[in-house]
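Analysis of the macromolecular model
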Amino acid sequence: MSWLWAIIVGLVLGVIARALLPGKQGIPLWLTVVFGIIGSILGNAVAGWIGVADTRGIDWIRHVLQLVGVVVVVALGSPLWATIRGRNRPRA
């Protein structure tokens, strides 16, 4: 997968993942792309582990696994980003 294609897939899947998750994710667009790339790589790895990485036609199972990977990464990364940026600290 070329880097340009990874960025495009990361952007698309990241935006879809943000739309699927309830509430507001306070992460910038560039971080959505990074999370999308990481999640799609994770989904590709899982597809390879279970033996559905290369199939005939459209790899629907692989694409679903990529989306699940991105949703998990965005769900875990968004609160982490908020904590790092200081928006989740308890008030005294």
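Because the structure is a prediction, the values reported are computed rather than measured. (Residues numbered from 1 in each chain as written. Predicted model: local features only at pLDDT ≥ 70, side-chain atom pairs only at ≥ 80, totals over all residues. Heavy atoms only, no water.)

**Description of the environment of R56**
Definition in use: Starting at the N terminus, helices and strands are each numbered in turn, a helix being any DSSP run of H or I of at least four residues and a strand any DSSP run of E of at least two. The rule is simple: take the accessible area with a 1.4 Å probe, protein chains only, and divide by the maximum for that residue type; under 20% is buried, over 50% is exposed, in between is partly exposed.
Position of R56 among the secondary structure elements: in the loop between helix 2 (29–50) and helix 3 (60–85). A residue is classified by how much of its surface remains accessible, and R56, at 83% relative accessible area, is exposed. A C-alpha to C-alpha distance of 26 Å links R56 and G14, two positions 42 residues apart in sequence.

**Topic: the side chain of Q25**
Basically, it comes down to this: We call two N or O atoms a polar contact when they sit within 3.5 Å, provided that within protein one can donate a hydrogen and the other can accept it, with sequence-adjacent residues counted only if both atoms are side-chain atoms.
Residue placement: Q25 occurs in the loop between helix 1 (3–20) and helix 2. At 3.4 Å, the side chain of Q25 and the backbone oxygen of G23 are in polar contact.

**A few points about the confidence of the model for the protein**
Selection rule: The predictor attaches a confidence to each residue, and that confidence, scored 0 to 100, is pLDDT.
Confidence in the prediction of the protein, expressed as mean pLDDT, is 84, and 90% of residues score 70 or more. Element-level pLDDT for the protein is lowest in helix 1, with a mean of 84, against a maximum mean of 90 in helix 3.

**Thoughts on the nonpolar core**
Applied cut-off: What we call a nonpolar core is a set of buried Ala, Val, Leu, Ile, Met, Phe, Trp, Tyr and Cys residues that are connected through their side-chain atoms within 4.5 Å.
V9, L13, A17, L21, I27, L31, F35, V70, V73, V74 and W81 form the largest nonpolar core, which has eleven residues in total. Mapped onto this core, the elements with two or more residues apiece are helix 1, helix 2 and helix 3. The element that contributes the greatest number of residues to this core is helix 3, accounting for four residues.

**A few points about the packing of helix 1 against helix 3**
As a reminder, the rule being used: Structural elements are reduced to axes, namely lines fitted to C-alpha atoms, with helices fitted over the stretch in contact, and the angle between N-to-C directions of any two is expressed from 0 to 180 degrees. Note on convention: near helix rotated counterclockwise from far helix by under a right angle means a left-handed crossing. Clockwise means right-handed. In this description, contact between two residues means that some pair of their heavy atoms is separated by no more than 4.5 Å. Amino acid classes used here: Ala, Val, Leu, Ile, Met, Phe, Trp, Tyr, Cys and Pro are nonpolar; Asp, Glu, Lys and Arg are charged; the rest, including Gly, are polar.
At a minimum axis distance of 9 Å, the contact between helix 1 and helix 3 shows a crossing angle of 65°. Here helix 1 and helix 3 pass one another in a crossing that is right-handed. Every residue of helix 3 that contacts helix 1 at L13, G14, I16, A17, R18 and L20 is listed here: Q66, L67, V70, V71 and V74. Class assignment for the residues of the contact of helix 1 with helix 3 results in eight nonpolar, two polar and one charged.

**Digging into a nonpolar patch on the surface**
Quick reminder of the rule: Two joining distances apply to patches: 9 Å for like charges and 5 Å for nonpolar side chains (Val, Leu, Ile, Met, Phe, Trp, Tyr), and every residue must have over 30% relative accessible area and no salt bridge. All accessibility values rest on the Shrake-Rupley procedure with a 1.4 Å probe; residue burial counts only the protein chains present in the view. Salt bridge criterion: a side-chain nitrogen from Lys or Arg within 4 Å of a carboxyl oxygen from Asp or Glu.
Together, L4, W5, I8, L11, V12, V15, I16, L20 and L29 line one region of the surface with nonpolar side chains, adding up to about 840 Å² of accessible area. Looking at which element gives the most residues to the nonpolar patch, the answer is helix 1, with eight residues. Here V12 falls in the partly exposed class, since its relative accessible area comes to 44%.

**Structural notes on the packing of aromatic side chains**
Defined as follows: Stacked, tilted and edge-to-face are the three classes assigned to paired rings of Phe, Tyr and Trp, where Trp is represented by its six-membered ring and a pair needs centres within 6.5 Å; plane angles under 30 degrees give stacked, over 60 edge-to-face, the rest tilted.
One pass over the structure, following the stated rule, counts one aromatic pair. Ring plane angle 85° and centroid distance 5.7 Å describe the contact between W30 and W81, whose orientation is recorded as edge-to-face. Of this pair, W30 sits in helix 2 while W81 is found in helix 3, placing the two residues 51 residues apart along the sequence.

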